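# Inside the fold
One-letter residues, chain by chain:
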Amino acid sequence: MRFSVISIFPEFFDSPLSCGLLSKAREKGLIEFSFINPRDHSTDKHHNVDDRPYGGGPGMVLAVDPIRRALGALGPKARVLMLSPKGRPLTQALARELAGEEEIALLCGRYEGIDARLEELCAIEPICVGDFVLNGGEVGALCLIEAVGRLIPDFMGKDESADEESFSSGLLEYPHYTRPEEYEGLKVPEVLSSGHHGRIMAWRREKSLETTLASRPDILAQAALTDDDIKYLKGLERTRPGRNLFVALVHYPVENKSGQTITTSLTNLDLHDIARVSCTYGLGGYFVCTPVADQQDLARTLIGHWREGYGLKANPDRGTALGRVRVVGLLDEAIAEITDCTGVRPKVVATSAKAGNMTCAQVSQMLQKEPVLLVLGTGHGLHRDVLAGADGMLRAIRFMDRYNHLSVRSAASIMVDRLLGDIG
Ligand SMILES: C[S@@+](CC[C@H](N)C(=O)[O-])C[C@H]1O[C@@H](n2cnc3c(N)ncnc32)[C@H](O)[C@@H]1O
């Protein structure tokens, strides 16, 4: 495989490519490197390659012409990648795909980046090595060279090493140990000295699942899992940020179509469905807020049927879900109850189909450390005073579309799932 690096700092690569396995791969002829400096392709008498940005602002921009000329020096089969924060993320799957190429060209930006017209003129794939900004593409190019290079046959002592590593199976790798067998009172797990291949494999899979759950639940949610994996995960202790999430369904004060203050009636479906969501996602609780005494009685009668009456015999699971419902008069009572039981006043996050700028990621972050009360409205939405009194407002579901009229039950399910997913 050949890596052709287009960079105004080719010397950047001297040391990393002259040690360790990359240097051995070069000696064995598995990988070849060539460097193209855009300065050598500049028609400017001072070999300048950058200029000031149109529209003003700080920094310089790499000009299109010297870079385009530099790309002209590549072989016909080169797949041209440009290191860029806006690119496709560099993942193990992409590294595997790239390991099958004959020639990879790596275009390294500097300063504010490269004149945007280059991408209109040349077939270039932008690649990003992480959600952060580097000074230039060179460090990213080195990441890619190493991630791809080590997947080339014969690069590593044993090719199977790559199959068991983190990300290869969609999970993080299990922990490793070496001698001494005991250090500072910490022993190497007994199973690893048992010589029992089957037990060692099973232990490693379990540790891999545990490590991924603890460190990267986001990738666990996407990983291919066997029935045994799922059974093992079900038995694991885990922190459940969902316990910090409370939901309130407000029947007063809400607004009608004309913006007048109204009280809406309770619906059996809202009661059941949001209770089931609350139970499924392990929420801290679900408050139904109505100051109307008859409506409160009705809610308690319905709950009683499933908790103690005939419903309990017919479907005990429903009783479990409805056991989470608390009937209160006003939202403030829900806030006071949560404050009493958690010792902390919850952050109140209002919801609306029309407005809101808090992201689910921000609220998920809050749930890691404090209780949050997600407030849903009925009728034509929460009263303006409730919105004004909230600590924040969650961005509307499908905020970019014209039609986003969901039932409050659907909205509650979607929001809770976005905040907690399968793992939270
Ligand atoms: C200072 S950065 C330019 C950042 C650019 N102004 C922006 O905000 O997107 C200079 C160069 O570093 C490289 N670079 C910086 N961060 C990167 C990342 N996360 N992944 C890949 N390349 C990156 C790119 O080649 C980029 O053109």
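Residues numbered from 1 in each chain as written. Predicted model: local features only at pLDDT ≥ 70, side-chain atom pairs only at ≥ 80, totals over all residues. Heavy atoms only, no water.

A separate point is the overall build of the protein. The secondary structure content of the protein amounts to 17 helices and 17 strands. Here the C-alpha radius of gyration of the protein, 29 Å, is well above what a compact globule of 424 residues would show, namely 22 Å. Counting over 424 residues, the protein shows a buried share of 42%. The contacts of the protein with a sequence gap of at least 6 include a subset with a gap of at least 24, amounting to 74%. Surface accessibility of the protein: about 23700 Å² in total, with carbon and sulfur atoms responsible for 50%. For the protein, the separation between the mean place of its 48 positive charges and that of its 56 negative charges on side chains is 4 Å. (Helix = DSSP H or I, 4+ residues; strand = E, 2+ residues; numbered from the N terminus. Rg over C-alpha atoms; globule rule 2.2 N^0.38 Å. Buried < 20%, exposed > 50% of the residue type's maximum accessible area, 1.4 Å probe, protein only. Contact = heavy atoms within 4.5 Å. Areas by Shrake-Rupley, 256 points an atom, 1.4 Å probe, with all protein chains shown as cover. Lys, Arg positive; Asp, Glu negative; His and termini not counted. Charge placed at Lys NZ, Arg CZ, Asp CG, Glu CD.)

Time to look at the site of the ligand. Lining the immediate surroundings of the ligand are 18 residues, of which Leu83, Gly109, Gly130, Phe132 and Leu134 lie closest. Residue serine 84 places a main-chain N or O atom 3.2 Å away from a nitrogen atom belonging to the ligand. Glycine 130 places a polar main-chain atom, nitrogen or oxygen, 2.9 Å from a nitrogen atom of the ligand. Those elements that provide at least two residues to the shell around the ligand are β5 (79-89) and β7 (125-128). Element by element, the count of residues in the shell around the ligand is highest for β5, at 3 residues. (Near = heavy atom within 4 Å. Polar contact = N/O pair within 3.5 Å; in protein donor to acceptor, adjacent residues only side chain to side chain.)

A few words now on the packing of helix α7 (residues 197-215) against helix α9 (residues 227-234). At a minimum axis distance of 10 Å, the contact between α7 and α9 shows a crossing angle of 60 degrees. In terms of axis orientation, α7 runs oblique to α9. Crossing angle aside, the handedness with which α7 passes α9 is right-handed. Only Asp229, Tyr232 and Leu233 of α9 make contact with α7, whose side of the interface consists of Arg205, Glu206, Leu209, Glu210 and Leu213. (Axes fitted to C-alpha atoms, helices over the stretch in contact; angles between N-to-C directions. Parallel < 35°, antiparallel > 145°, perpendicular 65-115°, else oblique. Left-handed = near helix turned anticlockwise from the far one by under 90°.)

The next thing to look at is helix α15 (residues 360-367). Where α15 is concerned, the buried positions are Val363, Ser364, Met366 and Leu367. For α15, the angular spread of the buried residues around the axis is 155 degrees, confining them to a single face. Facing away from the buried side of α15 by more than 90 degrees, the exposed set consists of Ala361 and Gln365. Check the buried side of α15 and you find it contacts β10 (245-250), β15 (347-350), β16 (372-377) and α17 (408-420). (Arc of directions from axis to C-beta.)

As recorded in UniProt, the feature "binding site: S-adenosyl-L-methionine" (unreviewed entry) lies at Gly109, Val129, Gly130, Asp131, Phe132, Val133 and Leu134. As for its position among the elements, glycine 130 is in the loop between β7 and α5 (137-149). Mapped onto the fold, aspartate 131 is located in the loop between β7 and α5. (UniProt positions renumbered as here; feature names shortened; annotations may be inferred.)

Turning next to the sheet that holds strand β6 (residues 103-108). The strands making up a sheet are joined through hydrogen bonds of the backbone, oriented either antiparallel or parallel. The sheet built from 5 strands is open, its strands ordered β2-β1-β6-β5-β7 with parallel pairing. Here the strands that pair on one side only, and so sit at the sheet edges, are β2 (32-36) and β7. Neighbouring strand axes in the sheet, compared pairwise and without regard to direction, differ in orientation by 35 degrees on average. With 5 bridges connecting them, strand β1 (residues 2-6) and β6 associate as parallel partners. Across the sheet, residue isoleucine 6 finds its bridge partner in β6, namely leucine 107. Along the sheet face, α5 touches β1, β2, β5, β6 and β7 and points at about 160 degrees away from the line of β6. (Pairing = 2+ DSSP bridges.)

The positions that UniProt labels "domain: tRNA (guanine-N(1)-)-methyltransferase C-terminal" (unreviewed entry) are, in the present scheme, residues 244-421. Secondary structure content for residues 244-421 is 44% helix and 17% strand, and the end C-alpha separation is 14 Å.

Attention shifts here to the layout of surface pockets. When its volume is computed, the largest pocket comes out at roughly 670 Å³. If you trace the largest pocket, you find 25 residues lining it, with Ala353, Gly379, His380, Gly381 and Leu406 closest to the centre. For the lining of the largest pocket, the secondary structure elements donating two or more residues are β16, α16 (384-389) and α17. Among the elements that make up the lining of the largest pocket, the one with the highest residue count is α17 (3 residues). (1 Å grid on protein atoms, 1.4 Å probe; cavity = no way out; pocket = protein on both sides within 12 Å on 5 of 7 lines; lining within 4 Å. Points joined across faces, edges and corners; volume = space filled by probe spheres on them.)

Turning our attention to the side chain of glutamine 296. Inspection of the secondary structure assignment puts glutamine 296 in helix α11 (residues 293-307). Among the polar contacts made by the side chain of glutamine 296, one reaches the main-chain carbonyl oxygen of threonine 290 at a distance of 2.6 Å.

Another point: the sheet that holds strand β14 (residues 325-328). The strand order β14-β13-β10-β16-β15-β17 describes an open sheet built from 6 strands, whose pairing is parallel. Two strands close off the open sheet at either side, each with one partner strand: β14 and β17 (392-393).

We now examine the side chain of serine 278. Here serine 278 shows up in helix α10 (residues 268-280). Looking at serine 278, the relative accessible area reads 0%, which means it is buried. Excluding residues that lie within four positions of it along the chain, serine 278 makes contacts with Leu283, Gly285, Tyr286 and Arg324.

Attention now moves to the nonpolar core. Of all hydrophobic cores here, the largest spans 35 residues; its most connected members are Leu245, Tyr286, Val325, Val349 and Leu376. For this core, the element with the highest residue contribution is α17, accounting for 7 residues. Look past the residues within four positions of leucine 245 in its chain and what remains in contact with it is Leu283, Gly284, Gly285, Leu367, Val372, Leu374, Val416, Leu419 and Leu420. Core analysis: the second largest hydrophobic core is formed by 29 residues, Val5, Leu83, Leu151 and Ile152 among them. (Core = buried A, V, L, I, M, F, W, Y, C linked by side-chain atoms within 4.5 Å.)

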